[in-house]
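# Structural features, examined
Each chain, letter by letter, is given below.
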Amino acid sequence: MLRTIEVRLRPHLEDCVGKGLAGKIVDALGLPIKDISIVKVYTVEGLDDGQVARAMDAAALHDPVLHDARTGPFATDADWVLEVGLRPGVTDNEGRTARDTLAMVLDLPRNFAVYTATQYHIRADEAVARLSLDDIEHIAKDLLANELIMRFNIKSGAQWQAMPGFPAQAARVTGEASDAVQNIPISLMTDDEMMAFSRENTLALSLEEMHAIRDFYAREDICKARAARGLACEPTDAEVEMLAQTWSEHCKHKIMASRVDYANKDTGRRETINSLYKTNIQGTTKKIRQRLGGRDFCRSVFKDNAGVVSFTDSHDLCIKVETHNSPSALDPYGGALTGIVGVNRDPMGTGIGAELVCNTDVFCFASPFYEKELPPRLLHPRRIMEGVREGVEHGGNKSGVPTVNGSVVFDERFIGKPLVFCGTVGMLPTEINGKPGHYKKALPGDIIVMAGGRIGKDGIHGATFSSEELHEGSPATAVQIGDPITQRKLYDFVIRARNLGLYNAITDNGAGGLSSSVGEMAEDTGGCVLDLAKAPLKYDGLRPWEILLSEAQERMTLAVPKEKLGEFLRLAGELDVEASAMGEFTDSGFFHAVYNDKDVVWLPMEFLHGGVPQMRLEAVWERPAAYPWAGRELGVQGVAKTIPDIMKAKELDHGKLLLRMLGRLNICSKEYMIRQYDHEVKGGSVVKPLVGVKRDGPGDAAALRPLLGGKTGMILSHGICPKFSDMDTYWMMANAIDEAVRNAVAVGADPSRLAGVDNFCWCDPVQSEKTPDGRYKMAQLVRANKALEHFCLAYGVPCVSGKDSMKNDYTGGSEKISIPPTVLFSVLGLLPDVEKAVTSDFKKPGDLVYILGVTRNELAGSELASELGFSGGIVPEVDAMSAKERYARLFAAMQDGLISACHDLSDGGLAVALAEMCIGGRLGAEIDLEKIPQKGCALAEEILYSETPSRLLVSVPEAARQRFEDIFRPGDEIDAAHIGRVGEASSLNVRFRGETVIACPVDSAAAAFKATLDW
């Protein structure tokens, strides 16, 4: 029987959450809301009336000082009551916490369930208008309830007393599975039937891959071996599902591993590339490490959950950045929450287990002010943005991991699929229990143990779903639901077990769940036996293949020596972590899964991991007609007009233009987002996300001290420039790498000790009927990889980890929307002394202002071009050799304490960078544009807003001038020039050819910078 406990604030207290929500509805939906009060509903299954009464008396679920509570509905004077709850089977983290609380208070076993819902008692501002049923449905569907995972019920105030709501979902806590295993008659399928089977089951398998599976099972030796075990010659459903997951683009990165025939029409050259990953990424890192020799700081690259680099004599650092694009498009909150807690588990499963240091996040959205009609199944960009922000906020804050760095990029094409990058840095001892901290290896005979959360339907087909485009029929079950509280307990347990030496290897249950984690760890030994009947389930009815493939969250798989299993399980119980022994690692050569004694999977390890056919793809590059001089590499020359005649003919008000530029979505302050993340937890923050006297100026990178007792710090930065992809992805990648390096150096990183992480997000580059420009998109991918090789080698930055996501397209009705090709390049750097870190805000009137680097007439894809509505021109190009020397000299100057402020020039160029430094310090500046080293810039706006890379602004105290100029020698190839001073007055004043072109009060600049997203 179901019983309800309802909780609300006492009438004399202000419902701040309800008030904030009412304001949000007015702002976002324009509906006449006067106020909202909120009631929390707990539906209990499995307790009797007496136990519920005891819970009420004990105030187990409410604070009696603040709340009223009762068993049943409260009376209401609201115009409407909207109740929102989760659908059956969806993970209810709050309900689970409530259950645990009641079990503790009542001293009961956890053999009951609690389900939560929220009631919104809504009152209209009748002085403006009444609220209709359609209005309340609008609030539900477009703001409060994601129908993918939630359901809602609406009652008028008059109806409420008679029909107070709907019953919450009901499901038993202790689940039992169905042992049904089906054989798939793949040998009898036609090609069309194979592809239909793949589509209908979200397998994301190509026809060639379906043929490979069919042919494998048709082999005489395989058929005989299976018959000897009592298995049919056709694959089981679990085997097909496991092969689809293991071979998915998400897990196998088949496009990056493909054999590419590349033709460059600009040069007439042709070549064949056997794996972009092995050639341009892995191969480049190998070359850099060989070049470094005894100075190689890489510990473990491309073979674990995260890349590991040296940090101090006692500790190493590891880093991983993932994307969670597809689930975030369907359920922004759940997708992003899973993204951040999921990437937290990558360092937890790196080496023998790393402690979590910090998080980073980068988001790509369409404009939150989007006003066009939405394509089918898509959510409004503002709703996606708010949901993603909240998901990452909750995942990081509730896990006790600081979020220290990030950015947001806006482009209308992200309406089809947002990009959600989540990253985590971890720290592990260089040696633990007599072995290197980055070393792990499962051994034959080790017990397979799953620890953490239970298994449910959430996240089934997550890997294969993310390996295809988003469409109207994308499955709801692909979305996982994260629980940071459960994960925090798991994390604390893992670190304790690590320190006690209770396991030999560990990895997370990410994409593909047990099939992936156990399948990868079984490569150490050559096989395994896994009993799926021993898996703890959230609810009844899961079939064996669903248990194997579910990506339900907060789970790790560990290899535990038999003699340590008892101690391991005792520790898990002590720390309230569920751990289940599920099988054994073997050297049989087979991945063998059973349900009790019934065979579910019997796959040779060799075919499982090596049987996928290599893709053969074609790539043809031809420079876009709109940008005939978008690059000058490979002998391509030309001159382009970068400022249209129409712009030359009119006089620009540069003061007003600067304020407009500061308010652009890709430039404006993201303070409202940043303030909701905890970047101070753990106490290691050195350079904050926001800097300056009022802590509202933009920082260039995060600096932290992971080991609080020492001075050595780490720096985390990134670069992302999808706006240049329309011109040339070669220079898009070059700019992203340079921006990441430049940001790191700007706060004090040693440029000789930087490690990179590449995250590719691409539109489908495979030529097909639905992708007729696939050859061009593949050529864009080739060019980006070539740039990665060239500039990582030039800067000496090895990539130590990475990820790619290759199906970032949306198809709905007759519309296809593809994202701009995007690469996030993250950098993990070393800060030798945290006391020498530098921030971007001007510090003192009279300090000298220098620009480092030459300014070129490079406005293609710039923020100015977008603001003024022109295209064409030259894409910003990176001169890595001069930049590398510039960065080395800057580091030397910082080590000598000669730099009081430093800021990179990126979006918006010089004008925006100057304004941001003034905003941070609330100080003005006097600048002369004629002193700026430049090439080809005839107009003030070309100097002010060009986005030429590798440039920085620095301020230098007058007393340090000579020593600074001894390092940079103004006028040499490094192009350092004294261009002005930090001003006494709070105004940014810029002169050009004897005239003042900008006279902007700093307070006005700050107001414009902060207004756009000041919600």
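Residues numbered from 1 in each chain as written. Predicted model: local features only at pLDDT ≥ 70, side-chain atom pairs only at ≥ 80, totals over all residues. Heavy atoms only, no water.

## Remarks on the overall build of the chain
Condition: Helix and strand definitions follow DSSP, with helices as H or I runs of at least four residues and strands as E runs of at least two, each counted in order from the N terminus. All radius of gyration figures rest on C-alpha atoms, and the globule criterion is 2.2 Å times the number of residues raised to 0.38. Under the scheme applied here, a residue whose accessible area is under 20% of the maximum for its type counts as buried, over 50% as exposed, and between as partly exposed, the area being computed with a 1.4 Å probe on protein chains only. Residue contacts follow a heavy-atom distance rule, with two residues in contact if any of their heavy atoms lie within 4.5 Å. In this description, accessible areas are obtained by the Shrake-Rupley approach with a 1.4 Å probe, and a residue is regarded as covered only by the protein chains that are shown. Lys and Arg are tallied as positive, Asp and Glu as negative. Neither His nor the chain termini are counted. Charge positions are represented by NZ for Lys, CZ for Arg, CG for Asp and CD for Glu.
Along its length, the chain carries 31 helices and 44 strands. Here the C-alpha atoms of the chain give a radius of gyration of 29 Å, agreeing with the 31 Å that 2.2 N^0.38 yields for 1015 residues. By principal-axis analysis of the C-alpha atoms, the chain measures approximately 85 × 75 × 60 Å. Counting over 1015 residues, the chain shows a buried share of 64%. Counting only contacts in the chain whose residues sit at least 6 apart along the sequence, the fraction spanning at least 24 positions is 82%. Summed over all atoms, the accessible surface of the chain reaches about 36,500 Å², with 50% contributed by carbon and sulfur. The centroid of the 112 positive side-chain charges in the chain is displaced by 3 Å from the centroid of its 141 negative side-chain charges.

## Digging into the nonpolar core
Heads up, the condition is: For this analysis, a nonpolar core means a set of buried residues of the types Ala, Val, Leu, Ile, Met, Phe, Trp, Tyr and Cys, connected via side-chain atoms within 4.5 Å.
Core analysis: the largest hydrophobic core is formed by 115 residues, its most contacted members being Met-714, Phe-760, Phe-825, Leu-890, Ile-899 and Phe-964. Ile-186, Ile-213, Ala-559 and Val-601 belong to the second largest nonpolar core, which has 53 residues in total.

## Re the packing of aromatic side chains
What counts, and what does not: A pair of Phe, Tyr and Trp rings is counted when the ring centres sit within 6.5 Å of each other, with Trp represented by its six-membered ring. The angle between the planes then sorts it: under 30 degrees is stacked, over 60 is edge-to-face, the rest tilted. Two conditions define a charge located above a ring, namely a distance within 6 Å from the ring centre to NZ of Lys or CZ of Arg, and an angle within 35 degrees of the ring normal.
If you walk through the whole model with that rule in mind, you get 16 aromatic pairs. Taking 4.6 Å as the distance between ring centres and 55° as the angle between the ring planes, the aromatic pair formed by Tyr-850 and Phe-964 counts as tilted. Residue Tyr-850 is found in strand E36 (residues 848-852), and its partner Phe-964 is found in helix H30 (residues 961-968); the two are separated by 114 residues along the sequence. Through pairs of rings, three or more aromatic residues link up here, namely Phe-216, Tyr-217, Trp-247 and Phe-607. Sitting over the ring of Phe-74, Arg-70 keeps its end group 5.9 Å from the ring centre.

## So, the state of the cysteines
What counts here: For the purposes of this analysis, a disulfide is any pair of cysteine sulfur atoms at a distance within 2.5 Å.
Scanning the model with the defined rule gives 1 disulfide in all. Here Cys-223 is linked by a disulfide to Cys-233, with a sulfur-sulfur distance of 1.5 Å. Handedness here is read from the sign of the S-S torsion; for Cys-223 and Cys-233, about 70°, the answer is right-handed. Within this pair, whereas Cys-223 is found in helix H8 (residues 220-228), its partner Cys-233 is found in the loop between H8 and helix H9 (237-246), the two being separated by 10 residues in sequence. Accessibility expressed as a relative area gives 29% for Cys-233, which makes it partly exposed. Cysteine Cys-763 remains unbridged, with the sulfur of Cys-761 as its closest cysteine sulfur at 11 Å.

## What to know about the confidence of the model for the chain
To keep it simple, the criterion reads: The predictor attaches a confidence to each residue, called pLDDT, with possible values from 0 through 100.
A residue-level look at the chain finds 92% of positions with pLDDT of 70 or above and a mean pLDDT of 89. Taken as a whole, residues 163-175 scores under 50 in pLDDT and shows 51 contacts with residues more than four places along the chain or in a different chain. Contacts from residues 474-478, a stretch scored under 50 in pLDDT, to residues over four places away or in other chains number 17 contacts.

## Overview of empty space enclosed by the protein
The condition that has to hold: Definitions used throughout: a 1 Å grid over protein atoms alone; a cavity as a set of points that fits a 1.4 Å probe which cannot get out; a pocket as an open set with protein on both sides within 12 Å along at least five of seven lines; a lining residue as one with an atom within 4 Å of a point. Grid points are joined across faces, edges and corners, and a volume is the space filled by probe spheres set on the points. Note that Gly is not counted as nonpolar here; it falls among the polar residues with everything else outside the nonpolar set of Ala, Val, Leu, Ile, Met, Phe, Trp, Tyr, Cys and Pro and the charged set of Asp, Glu, Lys and Arg.
Considering all chains together, one arrives at 6 cavities of 30 Å³ or more under this definition. Size it by volume and the largest cavity reaches roughly 90 Å³. Around the largest cavity, the lining residues are Cys-721, Lys-723, Phe-724, Asn-735, Glu-739, Arg-742, Leu-905, Ser-906, Asp-907, Glu-947, Thr-948 and Pro-949. Taken together, the residues of the lining of the largest cavity sort by class into 4 nonpolar, 3 polar and 5 charged. By volume, the second largest cavity is sized at about 70 Å³. Phe-297, Val-309, Ser-310, Phe-311, Leu-317, Met-714, Arg-753, Leu-754, Ala-755, Leu-828, Gly-829 and Leu-830 together form the lining of the second largest cavity. Elements represented by at least two residues in the lining of the second largest cavity include exactly strand E10 (307-310), strand E31 (754-761) and strand E35 (822-831). When residues in the lining of the second largest cavity are grouped by element, the largest group, 3 residues, is from E35.

## Digging into the pairing of strand E8 (residues 269-274)
The following threshold applies: In this scheme, strands are said to pair when DSSP sees at least two bridges between them.
Across 6 bridges, strand E7 (residues 259-264) lies against E8 in antiparallel orientation. Counted as the bridge partner of Tyr-262 is Glu-271 from E8. Hairpin connection between E7 and E8: a loop of 4 residues separates the two successive antiparallel strands, and Gly-268 in this loop has a positive phi of roughly 80°.

## Structural notes on the sheet that holds strand E44 (residues 995-1001)
Heads up, the condition is: Every angle, taken between N-to-C directions, lies between 0 and 180 degrees, and every axis is a line fitted to C-alpha atoms, over only the stretch in contact when it is a helix.
If you walk across this open sheet you meet the 7 strands as E38-E41-E36-E42-E39-E43-E44, and the pairing is mixed. The open sheet is flanked by strand E38 (901-904) and E44, the only strands paired with a single partner. Across the sheet, the mean angle separating the axes of adjacent strands is 20° when strand polarity is ignored. Note that E36 and strand E41 (residues 952-956) share 5 bridges and pair antiparallel. Bridge pairing links Tyr-850 to Val-954 in E41. Along the sheet, helix H22 (residues 654-662) contacts strand E43 (987-992) and E44; its crossing angle with E44, the most-contacted strand, is approximately 45°. The strands touched by helix H31 (residues 1002-1011) are strand E39 (924-928), E43 and E44; relative to E44, the strand with the most contacts, the crossing angle is about 65°.

## Remarks on the sheet that holds E31
Reading across the sheet, the 6 strands line up as E26-E29-E30-E35-E31-E32 and stay open at both edges, with mixed pairing between neighbours. Two strands close off the open sheet at either side, each with one partner strand: strand E26 (685-687) and strand E32 (799-805). On average, each strand axis in the sheet is inclined to that of its neighbour by 20°, with strand direction left out of account. Sheet topology places E26 next to strand E29 (residues 702-704); 2 bridges connect them, and they run antiparallel. The residue bridging Val-687 from the neighbouring strand is Ala-703, located in E29. Packed on one face of the sheet, helix H24 (residues 729-746) meets strand E30 (713-720), E31 and E35 and runs near 155° to E30.

## Things to note about the environment of Ser-300
Of note, Ser-300 is situated in strand E9 (residues 298-300). Taking C-alpha positions, Ser-300 is 58 Å from Lys-34, a pair spaced 266 residues apart along the chain. Among residues more than four places away in sequence, those in contact with Ser-300 are Ala-306, Gly-307, Val-308, His-438 and Val-800.

## Details of the pattern of salt bridges
Applicable threshold: Only one rule defines a salt bridge in this text: a Lys or Arg side-chain nitrogen within 4 Å of an Asp or Glu carboxyl oxygen.
Tallied over the full model, the rule gives 62 salt bridges. Residues Arg-498 and Glu-355 are paired through a salt bridge, measuring 3.2 Å at the closest nitrogen-oxygen approach. You can see Arg-498 sitting in helix H16 (residues 484-499) and its partner Glu-355 sitting in strand E12 (residues 355-365), a full 143 residues away along the chain. With a relative accessible area of 3%, Arg-498 lands in the buried category. The residue Glu-867 makes a salt bridge to Arg-660 at a minimum N-O spacing of 3.0 Å. Taken as a pair, Glu-867 in helix H26 (residues 863-868) and Arg-660 in helix H22 lie far apart in primary sequence, 207 residues in all.

## Describing the environment of Gly-573
Position of Gly-573 relative to the elements: it lies in helix H19 (residues 565-574). The exposure class assigned to Gly-573 is exposed, which follows from its relative accessible area of 53%. Once the C-alpha coordinates of Gly-573 and Phe-493 are considered, the two residues, 80 residues apart in sequence, prove to be 9.7 Å apart.

## Re unusual backbone geometry
One non-glycine residue, Asp-107, lies in the positive phi region at around 55°. Looking at where Asp-107 falls in the secondary structure, it is placed in the loop between helix H3 (93-106) and strand E5 (113-124). By relative accessible area, which is 68% here, Asp-107 ends up exposed. Non-glycine residue Asp-576 carries a positive phi angle of around 60°. Take Asp-576: it is sitting in the loop between H19 and strand E22 (579-585).

## Focus: helix H2 (residues 49-57)
In plain terms, the rule: Comment: arc refers to directions from the helix axis out to C-beta atoms. Any pair of N or O atoms that falls within 3.5 Å is considered a polar contact. Within protein, one atom must be able to donate a hydrogen and the other to accept it, and sequence-neighbouring residues count only if both atoms are side-chain atoms.
All of the buried residues in H2 are Gln-51, Val-52, Ala-55 and Met-56. Relative to the axis of H2, the buried residues are bounded by an arc of 145° and lie together on one face. Looking at H2, the residues exposed on the side facing more than 90 degrees away from the buried face are Asp-49 and Asp-57. Elements that come into contact with the buried residues of H2 comprise strand E1 (2-9), strand E3 (67-70) and H3. Measuring from the backbone nitrogen of Gly-50 back to the side-chain oxygen at the start of H2 gives 3.1 Å, which picks out Asp-48 as the cap. Two residues or fewer after H2 comes Ala-59, characterised by a positive phi angle close to 50°.

## Concerning the packing of helix H11 (residues 276-292) against helix H25 (residues 774-795)
Applicable threshold: Any angle that falls under 35 degrees is termed roughly parallel, while one over 145 is termed roughly antiparallel, one within 65 to 115 roughly perpendicular, and all others oblique.
In contact at an axis separation of 9 Å, H11 and H25 are set at 0° when each is read in the N-to-C sense. It follows from the interaxial angle that H11 and H25 lie roughly parallel. Residues Leu-276, Asn-280, Ile-281, Thr-284, Lys-287, Ile-288 and Arg-291 of H11 pack against Met-778, Leu-781, Val-782, Asn-785, Lys-786, Leu-788, Glu-789, Cys-792 and Leu-793 of H25. Residues belonging to the contact of H11 with H25 are distributed by class as follows: 9 nonpolar, 3 polar and 4 charged.

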